[in-house]
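Observations on the three-dimensional arrangement
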Amino acid sequence: AGLAGLPDQLRMALVLGAGCPPLMSSIAFALMFRLDAPLVMLLAVPTILIVPFTLPPIALVLLGLDLNIDLLDFMLRLAGIVIGGMAVAGLVRALIPKARIDAAAEPLDGLAVLLILVFAVAIMDGVGARLVAEPRLVLWTLALAFAANLGMQAVATGLFWPAGRRRALSIGLASGNRNMGLLLAALAGAAPPDLVLYIALGQLPIYMLPLAMKPLYRRLSPSSSGGAVRPGSAP
């Protein structure tokens, strides 16, 4: 990003986006496209748990990004979001029998889609006004979001190709689709406006690319029986 001469806030956005953990919804995409969903889960869950200890030091200490927030506060906010979500999920599982949760799978899926829709609408607030006022910046940022998603997918898939096509594509899917919403929640009002714009526009490739790339996944990935993670085998 530095060599390309990108503006400071867009460079910051790329770095922070690349430092975010994979989306948990990548597991669902992996199931839909017959990729290795257990492997994607093994990537997503630990990286979400450790992100409060990785992203803030990388961003603020190693790279010196100016986010208008101190290191400890950034770490505590991320930890609060992650631990709070895990605690609520654990409480629900403790209070409601598993059989009832399983029986309500379809309504819960519908609720999850509704919540994702609410998040998408909310995070896009103000993007239309910026498109009218700064069309070149918005379109450039959108192109950058697509390029970052595809680039991270391509690099990760290429690096892990020797492990098998199905596993490599699964890792690529998780690597390209990052949970940048964590940043917006953690930084709250401290996030620079161009970073907020990048996070908002970064949702479009997350929603659009998996379906657009579905034929590619189906063509390159062998059958699920040939590449699934077996009990006791290395991911």
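Overview of the structure. The residue count restarts for each chain, going from 1 along the sequence in the order it is written. Only residues with pLDDT of at least 70 are given local features in this predicted model, and only at 80 or more are side-chain atom pairs given and counted; all residues enter the totals for whole chains, interfaces and linings. As a rule here, side-chain values come from all non-hydrogen atoms in the structure, and water together with hydrogens is ignored.

What to know about helix α4 (residues 71-95)
Where helices and strands are cited, they refer to DSSP runs of H or I of at least four residues and of E of at least two residues respectively, numbered from the N terminus. In this analysis, the expected span of each helix is defined as 1.5 Å times one less than the number of residues it contains. Compared with an ideal rise of 1.5 Å per residue, which puts 25 residues at 36 Å, α4 spans 36 Å between its outermost C-alpha atoms and is within 8% of the ideal. Working rule for contacts: check all heavy atoms of both residues, and any pair within 4.5 Å makes them a contact. The secondary structure elements touched by the buried residues of α4 are α3 (37-62) and α10 (181-187). Under the rule applied, a polar contact is a pair of N or O atoms within 3.5 Å (in protein, one hydrogen donor and one hydrogen acceptor; residues adjacent in sequence only if both atoms are side-chain atoms). Between a side-chain oxygen at the N-terminus of α4 and the backbone nitrogen of Leu-72 the separation is 3.2 Å; the capping residue is Asp-70.

Points about the packing of aromatic side chains
Only rings of Phe, Tyr and Trp enter the pairing, Trp through its six-membered ring, and a pair is recorded when the two centres are within 6.5 Å. The plane angle decides the type: under 30 degrees is stacked, over 60 is edge-to-face, the rest tilted. Tallying each qualifying case throughout the model produces two aromatic pairs. Aromatic side chains Phe-29 and Phe-33 sit 6.0 Å apart centroid to centroid with 15 degrees between the ring planes, which places their arrangement in the stacked category. Each member of the pair, Phe-29 as well as Phe-33, is classed as buried. Look at Phe-33 and Tyr-217: their rings are 5.3 Å apart centre to centre, the planes differ by 25 degrees, and that puts the pair in the stacked class. Only protein chains enter the calculation, and the probe is 1.4 Å; a residue is then buried if its accessible area is under 20% of its type maximum, exposed if over 50%, and partly exposed in between.

Topic: helix α2 (residues 25-32)
Within α2, burial applies to Ser-26, Ile-27, Phe-29 and Ala-30. The buried residues of α2 occupy one face: seen down the axis, they fall within an arc of 160 degrees. Looking at the buried side of α2, the elements it contacts are α3, α9 (165-176) and α12 (203-212). Directions drawn from the helix axis to the C-beta atoms are what define this arc.

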